[in-house]
Amino acid sequence: MRAQKGLLAALLRWLAGVLAAGFLAAALLYLAPGARVDERELDPTLSEEARAALRAEGAGRGGLLGFYVDYLRAAVRGEFGDSRTYGVPVRQLLEERWRLTASSVLRGWSAAWVLGLGAALLCARWRWSAGPFTAASAVLVSMPSGLLAILFFVLRWPVAGILAAAVFPRVFRYTRNLLEAAAGSPHCLAARARGVSRGRLLFFHQAWPVWPEAVTLAGVTISAAIGAAIPAEALCDVAGLGQLAWKSALARDLPLLVALTLVIAAVTLGCNMLAGAAASLGGERRWRA
Amino acid sequence: MSTRSVGLAGICVMYAAGLLAGVLAPAGYADQDREHPDAPPSRAHWLGTDELGRDRWSRLLHGTRVSLLLAPAAAVVATALAAAAGLTAAVSGKWTGEAMALAFDVLLSLPLLFLLLALRASLPLNVSAWASLAITFALLALLGWPSAARVARAGALAALESTFALQARAAGIGKLRLLAVHLLPHLRPVVAAQFWLLVPAFILGEANLGILGLGVVEPLPSWGSLLGELQNLDSLRAQPWRLAPAAALLIAVCCFHLAGKTPAEEA
């Protein structure tokens, strides 16, 4: 019952978050200078009354809130308007491109987690091995993802590698800190005093108890991977959502940007919600145990 | 010598180089040597020249000044906004506090680069170099504060439970005084740590915007706009000296990370 309540609260929080992100996006579309100017207004044959009518049509009913409600109603039906840059419905663009981005984000994120967690475990087991990983993490965390994209492109490495390189330092640093903190905890000291083997100590006494925190981080790093996908796809000419975000920003294609904001907010908040729910369930079990 | 001292020394050297760009640079950032466009490194041009014959070393020094002044200035504003928002969320009622926390979460869930792109696109793109500098600065300051605000709120909530805050509230001190006199000084180390985290994040944010062509515009150089020139990928293998801005950025961000370390982290 408690878990169900928690899940419901998390779902409501997700919905509120997506609605808030939608409001921000709609406000952006509504308030941006020149964003709602209709090109038909430039027609010299139109009368002043006709121009005023066009302006009133563009302003929508009931100000920003009315505009938001109208936008939300259309968005629920999957209608996000037409892209000014591509001249096609935004929905069509999103449908065509999401798979490519999802695939590269998932591959890059997974690779970052395998490498980051593996490196953190290695460092926890053999402390002398920490040097190269710490140095690599320090260099990667100090590089903008755009620069990573340029270097990977020059070296002809895959796009997913850029995302992995952008996410790896976060995973490595955080999980390593978690494992180190766990190593100093009383239960680990007690296990060591009882002669538990180092491998067993690492996996069952250090790594296992910290998995809820690691799962929470997994949700957060999805957002980092999506952020890195923008320069990666833009500079490596991959026709995904990241490239779409960049091109729409350059062309001030606000309907497209607003739709992307909604989609990205829904995905990242959803991942955070799932990770948070899994972590809290895991935390409860851990304390019961 | 501690790693924090190394970081601080590195930052001092870079700031000195940036602030003395007018003295150290052999040419202005927009001066053109039309006889030698795209020249390799030489005595006259230490890092060669770009396609317009502008001295790369001079542009790097001037770009260092722009980036190293822009990021901390934006970080100061963002930290102040974060402290104000975090403390307000902590001392306001339950529902207001929760609503503000949700707003922080929503802003944090969206990648900073995407938010920067979206907001930058909503503003006019065809602006002067100095206007683009101001817009980049404002965007970083306006969008970079939620993570720090979340930390400030958590710190303030913890401080509110402490005995000194309880005593102050029992003595009938108003919310504003409680915030300004009791909580804010207590949270100074937390807020300072957030500032040190925001500066490298903003340097990287500006660089990403510049690489994508939405940052500081020509002819004013910044690390971002200089890195944007690397998009001409064909010549990068033949002219590795063009990576000098990347090296400067890498060193600066590393120095800021080292300087932001607490004594406990160093130990």
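Just so you know, these numbers come straight off a predicted model, no measurement behind them.

1. Re the overall build of chain A
In terms of helices and strands, chain A carries 12 helices and zero strands. Each helix and strand of chain A, placed in order from N terminus to C terminus, yields the pattern α-α-α-α-α-α-α-α-α-α-α-α. For 289 residues, the compact-globule estimate of 2.2 N^0.38 gives 19 Å, and the C-alpha radius of gyration of chain A, at 24 Å, exceeds that figure by more than 25%. Projected onto its principal axes, the C-alpha positions of chain A cover 90 × 55 × 25 Å. Looking at chain A as a whole, 38% of its 289 residues are labelled buried. Counting only contacts in chain A whose residues sit at least 6 apart along the sequence, the fraction spanning at least 24 positions is 76%.

2. What about unusual backbone geometry?
For the peptide bond that leads from E218 of chain B to P219 of chain B, omega is 5 degrees, which places it in the cis range. Within the fold, P219 of chain B resides in the loop between α10 (188-211) and α11 (223-228). Positive phi outside glycine occurs at R156 of chain A, with the angle close to 60 degrees. In this fold, R156 of chain A is placed in the loop between α6 (145-154) and α7 (159-183). The backbone of R252 of chain A sits at a positive phi, close to 55 degrees, despite the residue not being glycine. Positionally, R252 of chain A belongs in the loop between α11 (241-250) and α12 (254-288).

3. Side note on the packing of helix α5 (residues 112-122) of chain B against α10 of chain B
Residues and elements named next belong to chain B. Between α5 and α10, whose axes approach to 10 Å, the crossing angle comes to 55 degrees. The angle between the axes of α5 and α10 places the two elements in the oblique class. Here the hand of the crossing between α5 and α10 comes out right-handed. For the pair α5 and α10, contact is made by L112, L113, L116 and R120 and by G205, N208 and L209, respectively. Partitioned by chemical class, the residues of the contact of α5 with α10 number four nonpolar, two polar and one charged.

4. Some words on the domain arrangement of chain A
Residues and elements named next belong to chain A. Along its sequence, chain A is carved into domain 1 (21-79) and domain 2 (98-288). Of the residues lining the interface, nine residues belong to domain 1; the matching set on domain 2 comes to six residues. With six residues, helix α1 (residues 2-31) is the largest single contributor of residues to the side of domain 1 that touches domain 2. The residue inventory of the side of domain 1 that touches domain 2, partitioned by class, reads eight nonpolar, one polar and no charged.

5. A closer look at the interface of chain A and chain B
On the side of chain B, 36 residues touch chain A, which itself brings 42 residues to the contact. Among the elements of the structure, α1, α5 (130-141), α6, α10 (211-236), α11 and α12 of chain A are those that each provide at least two residues to the side of chain A that touches chain B. Of the residues assigned to the side of chain A that touches chain B, the class counts are 30 nonpolar, 10 polar and two charged.

6. Quick notes on the nonpolar core
Membership of the largest hydrophobic core comes to 148 residues, with the highest contact counts inside it found for I162, L163, V167, A225 and A245 of chain A together with L117 of chain B. Viewed by domain, this core spans two of them, domain 1 (21-79) and domain 2 (98-288) of chain A, each represented by three or more residues. Excluding residues that lie within four positions of it along the chain, I162 of chain A makes contacts with G108, S145, L148, A149, F152, A228 and A232 of chain A.

What counts, and at which threshold
- Residues numbered from 1 in each chain as written.
- Chains lettered and ligands numbered in written order.
- Predicted model: local features only at pLDDT ≥ 70, side-chain atom pairs only at ≥ 80, totals over all residues.
- Helix = DSSP H or I, 4+ residues; strand = E, 2+ residues; numbered from the N terminus.
- Rg over C-alpha atoms; globule rule 2.2 N^0.38 Å.
- Buried ≥ 20, exposed ≤ 12 C-beta atoms within 10 Å, placed from the backbone.
- Contact = placed C-beta atoms within 7 Å.
- Axes fitted to C-alpha atoms, helices over the stretch in contact; angles between N-to-C directions.
- Parallel < 35°, antiparallel > 145°, perpendicular 65-115°, else oblique.
- Left-handed = near helix turned anticlockwise from the far one by under 90°.
- Nonpolar A, V, L, I, M, F, W, Y, C, P; charged D, E, K, R; others polar.
- Domains from an automatic or database assignment.
- Core = buried A, V, L, I, M, F, W, Y, C linked by C-beta atoms within 7 Å.

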